Amino acid sequence: MNIKSIDITFDFELIIVLIALSLLILFAFYTYKYTLPPTSKFVKFLLASIRSIIFIFLVILLIDPIIKVTYQKINTLAIKVFVDNSNSMVMPDSVANVEKVRGIIEEIADKFGHSVKLYTFGERIKPLNPDSLESINFSEYSTDFTPINSHLDFDSTSASVIISDGIITTGNDYITSKAVPLFTVGVGDSILHPDIYIENIYYNKIIYAGTETEIEVVIRNNLTAGISKTIDFYLDNTLISRKQIELDYSGINRIKFNFTTATPGKHKITINVQPEKNEFNKNNNTKTVFIDVLKNKTKIFLIAGKPSSDFTVINLILSNNENFNTKKIVFISPQKIYGSENISQIDSSELFILIDFPLKSTPEKFVKQVYETIMGKNVPFLQFITTNTELSFLDKYKEIMPLTVDKINTDILEINTLTNNSFFFNEKELHSLPPLIANGNRYRFSPNTEMHLAYSLNNKSIPFFITSSTGNRKSAFFLAEAIWRWHLTIAERSNILLPEFFNKLIKWLTADNKKKLFKIFPQKELFATVEEMEFTAEVYDPTFTPVNNASIRMEIKSGELKSELQFIPVKNGIYTAKISGLSAGDYKFTADAEYDNITLSDSGQFSVINADPEKITTLMNTELLKRIAYNSNGKYYSPESIANLYDELEKLLERRKSQEILTSNIELKSNHTIIFLLIFLFTVEWLLRKRIGML
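I will try to describe carefully the structure that is included in this document.

Quick notes on the rules
Residues numbered from 1 in each chain as written. Predicted model: local features only at pLDDT ≥ 70, side-chain atom pairs only at ≥ 80, totals over all residues. Heavy atoms only, no water. 1 Å grid on protein atoms, 1.4 Å probe; cavity = no way out; pocket = protein on both sides within 12 Å on 5 of 7 lines; lining within 4 Å. Points joined across faces, edges and corners; volume = space filled by probe spheres on them. Helix = DSSP H or I, 4+ residues; strand = E, 2+ residues; numbered from the N terminus. Nonpolar A, V, L, I, M, F, W, Y, C, P; charged D, E, K, R; others polar. Contact = heavy atoms within 4.5 Å. Polar contact = N/O pair within 3.5 Å; in protein donor to acceptor, adjacent residues only side chain to side chain. Axes fitted to C-alpha atoms, helices over the stretch in contact; angles between N-to-C directions. Parallel < 35°, antiparallel > 145°, perpendicular 65-115°, else oblique. Left-handed = near helix turned anticlockwise from the far one by under 90°. Pairing = 2+ DSSP bridges. Phe/Tyr/Trp six-rings, centres within 6.5 Å; stacked < 30°, edge-to-face > 60°. Buried < 20%, exposed > 50% of the residue type's maximum accessible area, 1.4 Å probe, protein only. Lys NZ or Arg CZ within 6 Å of the ring centre and 35° of its normal.

Turning our eyes to something else, we now look at empty space enclosed by the protein. Tallying each qualifying case throughout the model produces 3 cavities of 30 Å³ or more. Approximately 70 Å³ is the volume attributed to the largest cavity. For the lining of the largest cavity, the secondary structure elements donating two or more residues are α6 (391-395) and β21 (403-407). Across the lining of the largest cavity, the residue classes break down as 7 nonpolar, 1 polar and 2 charged.

As a further point, take the environment of Y203. Along the chain, Y203 falls in the loop between β8 (195-202) and β9 (207-208). For Y203 and M554, which are 351 residues apart along the polypeptide, the C-alpha to C-alpha distance reads 32 Å. In contact with Y203, other than residues within four places in its own chain, are E214, I215, V289, F290 and I291. Only 3.5 Å separates the side chain of Y203 from the backbone oxygen of F290, close enough to count as a polar contact.

Here we take up the packing of helix α2 (residues 41-63) against helix α12 (residues 672-692). Between α2 and α12, the least distance of the axes is 10 Å, while the angle of their chain directions is 155 degrees. Viewed along their axes, α2 and α12 adopt a mutual orientation that is roughly antiparallel. The handedness of the crossing between α2 and α12 comes out as left-handed. Within the contact between the two elements, α2 uses V43, L46, L47, I50, R51, I53, I54, F57, L58, I60 and L61 and α12 uses I674, I675, L677, L678, L681, F682, V684, E685, L688, R689 and I692. Residue classes in the contact of α2 with α12 are distributed as 19 nonpolar, no polar and 3 charged.

In spatial order, the strands read β9-β15-β14-β11-β12; together these 5 strands make up an open sheet with mixed pairing. Looking at strand neighbours, the two that pair on one side only are β9 and β12 (238-246), the edges of this open sheet. Direction of pairing for β9 relative to strand β15 (residues 286-294): parallel, over a ladder of 2 bridges. Across the sheet, I207 pairs through a bridge with V293, a residue of β15.

It is worth spelling out the packing of aromatic side chains at this point. Enumeration over the complete set of coordinates arrives at 30 aromatic pairs. Note on F381 and F477: the rings are 5.6 Å apart at their centroids and 80 degrees apart in plane angle, and the pair reads as edge-to-face. Taken as a pair, F381 in strand β20 (residues 381-384) and F477 in strand β28 (residues 473-478) lie far apart in primary sequence, 96 residues in all. Taking relative accessible area as the criterion, F381 reaches 0% and is therefore assigned buried. Since its relative accessible area comes to 0%, F477 is described here as buried. The ring of F257 carries K243 above its face, with NZ or CZ at 5.0 Å from the centroid. The ring centre of W508 lies 4.8 Å from the NZ or CZ of K474, which sits over that ring.

Written out as structure tokens, the structure is:
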């Protein structure tokens, strides 16, 4: 702290204060000029001095001065150092790497002192005390870089340093900071050892039961090219396929496997390649992933009261989407129906799309069959109400209609989109599209209706695309026609605008609204034997209010092995439980939550593999560390060039220093120290006078 000035202010003239102090001091010394009994000059001087100081303090309290201190404060931002505390950091040369890391940290702490904030990271980020470097034991079984992003705030950080081998076993490698320079220091195994490992398994995110699908396996090799290897593909621990390959001299082999799953749900895929005798790392010859298999393609019934361009375009869009199984029914005339063989399957529909339906000519029996199926089975539907739609039919099914006709308009209007309040469309794209056709009918909408698109009529905003969701029932209404124009226009992205719209809308319409009142979530589906396994539970009452007093027990089974977990509450209906030491295998769990005489149940599965994630890859990923530094305006350093890092940090620390002029006001009247001094001085004076015999 650098004091710039000290100012004293009070309400009296300075000359008056000085005169008063002089007179009081003279009076104090005059009082003790003659004493009874007589005493020495020293005692007289001492008593007079004490009395003078008392008078000075009394005057200070009387005039109530304010002392204003102005000083300069230098603000130094932090240098944040993140140290990888995972197990891969010390393979294979543990002693040397430990000494390197601790040496770098100690030198940074010595050079920059209190400006340094230390953290370790692996499974999670933890603060590190510079005096407790022995707590860096490189014992964590996973490495996650992503939490570092939340600590790179510009206002408190001048620079950040990551000390790591760049091997990520969880999360992703997206870490960047344009505002705060990020430097990386590579410490780890940089020697290439003989190794064969499965780098990745690529598979479709959407897989349907009974449909053949393909996976691609990427196998890498170091110093083992030309060797013949057998690749085994297991589905749910059953050998499905085996292929023979020769390890490529490029270091990469890509192998494809085709398979079909008969049942929906989670399935386990395992790829295995037998290790060589001289392989340095035999923990990475097997890789397991879990896939989600859906029950079937979404079964859609596309029903039209007559052939039309809108029907043709929508049918084309749905047919080109491999996720939809579309059944068509089109009334050419009341007696002639295209797709009449599909009428008997209407009960199996998962979604109805109704265009120009119903018309006056549409058989009432069929109209009743469609809408009663919707009502009876809560089937979601998309209704296109056009200038030909017979609205009187719709009045009969008000239970599922989120709108009623308020006023019928027989005019034919061309409408342009005025407003877009929807994630289904991009606003800029809508303004470049051609107009649609509507008749300008006025509708009243139920309270649970959400307006997405509207047009202007007589200075009023008229909705023409709405959605509704009540309980487990969902619907959407397009109150216009000629949507084919949006697909065939020459506007940019017009060929994918409608396919994207229908894909999003159908996903929303067919999404499951049923949220479970009790659910168990494993931290992940695939654990390693060395890891601690964490589970989270959520409990709600029938109104979806969190339940905080539930008792939750979970049983874990794998063959003859059984374990039981008791969950502990965290907050807001969330509970956690942990277990460690499980052997490799596939596990199933069942759990019960009990509260207020109510019992809820849930079940699931997970797997444990006999592998340490930190030992799957041991070669330092220098390229990743360089990319992170480059994307964050920093640089990569090796332990040998670390001195250059210190120079960079010193420059950044100096550049981000800021000066702040601060003012502090001291009011002596409110300072208890003066009161205590007065009491002390009065006491000393009284004791001296009593001892001398002046009292």
